[in-house]
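Understanding the architecture of this molecule
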Amino acid sequence: MALIVETGTASATSESYASVADVDSYALARGMTAWTGIDSVKESALRNATQYIDATYRFKGYRVAQHQALMWPRSGVMFDRYTLASDAIPPMLKTACMELAIKAISSSLIVDPDSQYVTDVQVGPIKKSMSAPQNGGQKTYALIDSLLRDLVTGGSGSVELVRS
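Structural notes, computed from the coordinates. (Residues numbered from 1 in each chain as written. Predicted model: local features only at pLDDT ≥ 70, side-chain atom pairs only at ≥ 80, totals over all residues. Heavy atoms only, no water.)

Quick look at the pattern of salt bridges now. Proximity of charged atoms lets side chains of opposite charge pair with each other. Tallied over the full model, the rule gives three salt bridges. Taking the shortest distance from any N to any O, the salt bridge between glutamate 15 and arginine 47 comes out at 3.0 Å. A residue pair is termed long-range when its members are at least 10 positions apart, and glutamate 15 in the segment before helix H1 (20-30) and arginine 47 in helix H2 (residues 39-56) qualify at 32 residues. Across the pair lysine 42 and aspartate 24 runs a salt bridge, and its minimum N-O distance is 2.9 Å. Within this pair, whereas lysine 42 is found in helix H2, its partner aspartate 24 is found in helix H1, the two being separated by 18 residues in sequence. Exposure remark for lysine 42: the relative accessible area of 8% places this residue in the buried category. (Salt bridge = Lys/Arg side-chain N within 4 Å of Asp/Glu carboxyl O. Helix = DSSP H or I, 4+ residues; strand = E, 2+ residues; numbered from the N terminus. Buried < 20%, exposed > 50% of the residue type's maximum accessible area, 1.4 Å probe, protein only.)

This part covers unusual backbone geometry. Note the cis peptide between tryptophan 72 and proline 73, where omega equals 10°. The residue proline 73 is located in the loop between strand S1 (62-63) and strand S2 (74-75) in this model. The phi angle at aspartate 80 is positive, at roughly 55°, despite the residue not being glycine. Relative to the helices and strands, aspartate 80 resides in the loop between strand S3 (78-79) and strand S4 (82-83). Even without glycine at this site, arginine 81 takes up a positive phi of about 70°. Take arginine 81: it is sitting in the loop between S3 and S4.

Evaluation of the coordinates by the stated rule reveals three aromatic pairs. Pairing tyrosine 52 with tyrosine 141 gives two aromatic rings, centres 5.6 Å apart and planes at 85°, and the pair type is edge-to-face. You can see tyrosine 52 sitting in helix H2 and its partner tyrosine 141 sitting in the loop between strand S6 (126-130) and helix H4 (142-148), a full 89 residues away along the chain. Residue classification places tyrosine 52 among the buried positions, given a relative accessible area of 8%. Look at phenylalanine 59 and tryptophan 72: their rings are 5.5 Å apart centre to centre, the planes differ by 80°, and that puts the pair in the edge-to-face class. Linking phenylalanine 59 in the loop between H2 and S1 with tryptophan 72 in the loop between S1 and S2, this pair joins segments that are 13 residues apart in sequence. An identical accessibility class is assigned to phenylalanine 59 and tryptophan 72; each is buried. Put simply, the rings of Tyr57, Phe59 and Trp72 touch in pairs and so form one group of aromatic residues. (Phe/Tyr/Trp six-rings, centres within 6.5 Å; stacked < 30°, edge-to-face > 60°.)

Moving on, we get to helix H3 (residues 91-106). Since the α-helix advances by 3.6 residues per turn, residues separated by three or four positions end up pointing in the same direction. Across its 16 residues, H3 extends 24 Å between first and last C-alpha, which sits within 8% of the 22 Å expected from 1.5 Å per residue. Among all positions of H3, only Met92, Leu93, Ala96, Cys97, Met98, Glu99, Leu100, Ala101, Ile102 and Ala104 are buried. In this fold, the buried residues of H3 make contact with H1, H2, S3 and H4. (Expected span 1.5 Å × (residues − 1). Contact = heavy atoms within 4.5 Å.)

Right, dumping it as structure tokens:
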């Protein structure tokens, strides 16, 4: 099944913010050798990356169509004092998708952590302490957070203001 890339049309069937060819060029230019394999595997990685982005981040603005499959395109999003086009995918979103797809080739983007409980056990001089993992045990991606910082609501001490 061919990957359906969102280009800003608010398609009801889009599956990714980037194409395999986009990531091929991106990875080659940066010497990222992990982006290998057959196209169907790469397409799956792009689908997983897009799903991760849409499920993890709460974006500014509003989806442009009720029926659109993905969270972008959006209207009412400001970046660097300019309103982003509501019929396009922001370059930083596409870059974040490509970066995550490269990671998704070799590992899962989301983990189901084992639960741990806060305990202190001491036997003689040996002491062991455990607690629940931070972030619910989920992986975090600093580059992705940085790339999407200006597109998401809240976070990093920012507050979304709405004029009444």
